[in-house]
Amino acid sequence: ITIEDGPMPGQVLVRCDLEISNESTQTNTFQFFNLADFDVSQTVLDDIVEVTDTGATLATFQDAAGFAQHLGVDATRWQVGNATTVRNAVSSGAFDLSNDVGPFTGDAASAMQWTVTLAPGETTTISSAISLNVAITADPCPSIADITATGGCTPGTGDGVVDLSDFSCYLTLWSTSSPLADITATGSCVPGSGGDGVDLSDFSCYLSLWSGGCDGDPTTPI
């Protein structure tokens, strides 16, 4: 969990990355939920909530004095509406949120749901964020080092976390001299300045960016 103060009083951004591993000997499907029940400006009945971006799974709360946001990165389903209704949906055991996008006015809440199937020993990461009076960017990890989703090697499908799957994927690209591994010009580490072929400078640059995690480089993933 990371907490970032905004530039002004009353602003905060909280990000959460939850790593899940299947330690059993069989493939299992799990349901994970994340609930946000804001009372923006400390008032209860005048909040308006709606899903403002289904692609990013972003819900926005607002009233006359402020706003809040709830992001579920790659969430499978979502629901916004009356706080009691949303809470009951999360705890009901039915497993399927309604995908209601709102808008709803009143005592409002939002929930995100991830349906995750993991093979024995497989690991994945679920990322979410909440904010108060600060807009959440759709990509929680803008580093070029976040090149692939956990368990795959498709550059550009970053999962919001810089981890070993990214390093393994880049190593595969680099060892096969894939053009996607040509991220920098010789003698520099400026992502996007490639064109000189795949060499040690690319590997060294990527290693530096990967070591820096999500804050290592604010650029578009390769």
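Notes on the structure in this doc start here. Sequence order as written defines residue numbering, which begins from 1 separately in each chain. Reporting of local features is limited, given that this is a predicted model, to residues whose pLDDT is at least 70; pairs of side-chain atoms are given and counted only at 80 or more, and all residues count toward the totals for whole chains, interfaces and linings. Values reported for side chains reflect all heavy atoms of the structure, with hydrogen atoms and water molecules removed beforehand.

Strands pair, by our definition, only if DSSP identifies at least two bridges between them. A run of H or I in DSSP becomes a helix once it reaches four residues, and a run of E becomes a strand once it reaches two; helices and strands are each numbered from the N terminus. Pairing between strand S1 (residues 2-5) and strand S2 (residues 12-21): four bridges, direction antiparallel. Residue Ile3 lies in a different strand from S2, and its bridge partner there is Val14. The antiparallel hairpin formed by S1 and S2 contains six residues in its connecting segment, where Gly10 sits at a positive phi of about 80°.

Before going further, it helps to examine the packing of helix H2 (residues 164-175) against helix H3 (residues 200-211). For the pair H2 and H3, the least separation of the axes is 11 Å and the interaxial angle reads 175°. Here H3 runs roughly antiparallel to H2, going by the angle between their axes. Between H2, through Leu164, Asp166, Phe167, Tyr170, Leu171 and Trp174, and H3, the contact on the second element is made entirely by Leu200, Asp202, Phe203, Tyr206, Leu207 and Trp210. Side-chain classes follow a simple rule in which Ala, Val, Leu, Ile, Met, Phe, Trp, Tyr, Cys and Pro form the nonpolar group, Asp, Glu, Lys and Arg form the charged group, and the remainder, Gly included, forms the polar group. Split by residue class, the contact of H2 with H3 holds ten nonpolar, no polar and two charged. All axes are obtained by fitting lines to C-alpha atoms, using only the stretch in contact for helices, and the reported angles, taken between N-to-C directions, cover 0 to 180 degrees. Each angle gets one of four labels, with under 35 degrees taken as roughly parallel, over 145 as roughly antiparallel, 65 to 115 as roughly perpendicular, and the rest as oblique. Residues are treated as being in contact if the distance between any of their heavy atoms lies within 4.5 Å.

Here the focus is the side chain of Ser131. Summarising the element assignment, Ser131 is placed in strand S10 (residues 123-132). With residues up to four places along the chain from it excluded, the contact list for Ser131 reads Val12, Leu13, Phe38, Ala68, Gln69 and Ile136.

With that settled, the discussion passes to the nonpolar core. Counting residues in hydrophobic clusters, the biggest one holds 19 residues, and the most contacted among them are Phe32, Phe38, Phe61, Met112, Trp114, Val116 and Ile126. Among the secondary structure elements, those contributing two or more residues to this core are strand S3 (28-36), strand S4 (47-53), strand S5 (58-63), strand S7 (77-82) and strand S9 (108-118). If you tally residues by element for this core, the top one is S9, at five residues. Nonpolar cores were defined as sets of buried Ala, Val, Leu, Ile, Met, Phe, Trp, Tyr and Cys residues, with membership established by side-chain atoms within 4.5 Å. Think of it in three bands: residues with accessible area under 20% of the maximum for their type are buried, residues over 50% are exposed, and the middle band is partly exposed, with areas taken using a 1.4 Å probe on protein chains only. Counting twelve residues, the second largest nonpolar core, distinct from the first, contains Ala145, Tyr170, Ile183 and Tyr206.

On to the sheet that holds S9. Taken together, three strands build an open sheet; the order of strands is S3-S9-S7 and the sheet is antiparallel. Lying at the two open borders of the sheet, with one neighbouring strand each, are S3 and S7. Strand after strand, the sheet turns through a mean of 20° between neighbouring axes, direction not considered. Relative to S9, S3 is paired through nine bridges, and the arrangement is antiparallel. Pairing of Phe33 across the sheet is with Gln113, part of S9. With respect to the sheet, helix H1 (residues 83-91) is in contact with S3, S7 and S9, its orientation differing from that of S7 by roughly 145°.

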